Amino acid sequence: METETFQPKIVAFCCHYCAYSSADLAGSMRIQYPPNVRIIRTPCTGRLETEYFMKALETGADGVLVAGCLEGGCHFVEGNLCARRRVNYTRDLLVEIGIEKDRIRMVNISAAMARPLADTIADMVETVRKLGPNPIKRNGSSKSENPS
Amino acid sequence: MIVAQRKTIPDLLAIVEKHRKLLVLGCGTCVTVCLAGGQREVSIISSALRMAAKLKGLPLEVEEGTIERQCDNVFLEQAADTIKNHDAVLSLGCGAGVQALAERYSGKPVYAGLDTAFIGILEERGVWAEKCAACGACMLHLYGGICPVTRCAKHMLNGPCSGSREDHCEVDSARPCAWQLIYERLKSIGQLDELKKTKPPKNWRPSLAGGCRTIVREDHRV
């Protein structure tokens, strides 16, 4: 698949209190972001476990974006800090597996940051587009058809 | 509790790559608490193995399971049917769990997915520290509840080595001197006199030196 034409599939875990609201705001403000992201609302990014990121990548996502509140602004005090540590752990795990660690990224977005969210998504899509499709999909079919 | 940590994914793949149907079996006790081999870690490691195998083009099927306690035959029975349907088991239990599985299912390859490290406690979130060497002849009552066998790098039993720097061990400057801790603890509970008593040489026979140990309780045997 040509890198230029490849449309990556990005799973974006967005915190209800910030990034999800900023995506909402982006819609209200008519700010466009690439349609490559599938947004999943979470009560807090601190709710996310490493296994969620792994399952997303295993079942066919080309990239995972975790968007939590600004540091110091978490509704649950430090959920976003926990999420960042888990994302870092997942990045290390991906290296062990043999997958590019840049397929997963943690960002901090406030509910008012509609434009930065759109820019972040565009940047993530571009990063993953350069990386190419998830290598899991290159070697036989992924589990995307029948996720466990 | 028993504290363990997972082996790396390349190491695990090298162990299991000769099999086609693998069961990754977690344990719901110590290794769940130390975040090494519980249900969540089974899920993570299984995903990682599936992905790593796919990248290498290996036809490895990985299924997941967790039982309450791998070191107990009663719980091992619960996994019998699942284990029967797989070529091999990658145990995420401690060393005792792996061996219990291997003994119970003698015809089935059982591999250790974790490196069992020590008996310890959760000191702070994400940090576990060794507290007990299971030496078989506990002397904690003499040292204010701080074990010099485990926590002193030189296992000194009759006082400090004099090598400590600013209350920290000369072997590892990040580690507090066990004997400093013992002194402060005995002082705070009014038992400094304990230090004036000369301790006889420790009986090491109940420790691991003579091979694996067994405890028999006749009152509980059937």
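Here we summarise the structure given alongside this text. (Residues numbered from 1 in each chain as written. Chains lettered and ligands numbered in written order. Predicted model: local features only at pLDDT ≥ 70, side-chain atom pairs only at ≥ 80, totals over all residues. Heavy atoms only, no water.)

Quick notes on the sheet that holds strand 1 (residues 2-6) of chain B
Residue and element names in this part refer to chain B.
So, step 1. With antiparallel pairing, 3 strands are arranged side by side in an open sheet as 1-6-7. Whereas interior strands pair on both sides, the edge strands pair on one side only; in this sheet they are strand 1 and strand 7 (127-132). The sheet shows a mean angle of 70° between the axes of neighbouring strands, direction not considered.
So, step 2. Bridge count between strand 6 (residues 114-124) and strand 7: 5 bridges; the pairing is antiparallel. Looking across to strand 7, one finds that Leu 122 is bridged to Trp 128. (Pairing = 2+ DSSP bridges. Helix = DSSP H or I, 4+ residues; strand = E, 2+ residues; numbered from the N terminus. Axes fitted to C-alpha atoms, helices over the stretch in contact; angles between N-to-C directions.)

Thoughts on the sheet that holds strand 2 (residues 37-42) of chain A
Residue and element names in this part refer to chain A.
So, step 1. Here we have 4 strands laid out as an open sheet, ordered 2-1-3-4, and parallel in their pairing. The open sheet terminates on both sides in strands that have one partner only, identified here as strand 2 and strand 4 (104-108). For this sheet, the mean angle separating the axes of adjacent strands, direction not counted, is 20°.
So, step 2. Pairing geometry for strand 3 (residues 63-68) and strand 4, over 5 bridges, is parallel. Bridged to Leu 65 within strand 4 is Arg 105.

Side note on the pattern of salt bridges
Residue and element names in this part refer to chain A.
So, step 1. A complete count under the given rule lists 26 salt bridges over all chains for this structure.
So, step 2. Note that Glu 126 and Arg 129 form a salt bridge whose closest N and O atoms lie 3.1 Å from each other. Here Glu 126 and its partner Arg 129 are both found in helix 4 (residues 114-131), 3 residues apart, which amounts to about one turn of the helix. (Salt bridge = Lys/Arg side-chain N within 4 Å of Asp/Glu carboxyl O.)

Thoughts on the side chain of Thr 120 of chain A
Residues and elements named next belong to chain A.
So, step 1. Structurally, the position occupied by Thr 120 is in helix 4.
So, step 2. Here Thr 120 falls in the buried class, since its relative accessible area comes to 15%.
So, step 3. With residues up to four places along the chain from it excluded, the contact list for Thr 120 reads Leu 65, Arg 105, Val 107 and Ile 109. (Buried < 20%, exposed > 50% of the residue type's maximum accessible area, 1.4 Å probe, protein only. Contact = heavy atoms within 4.5 Å.)

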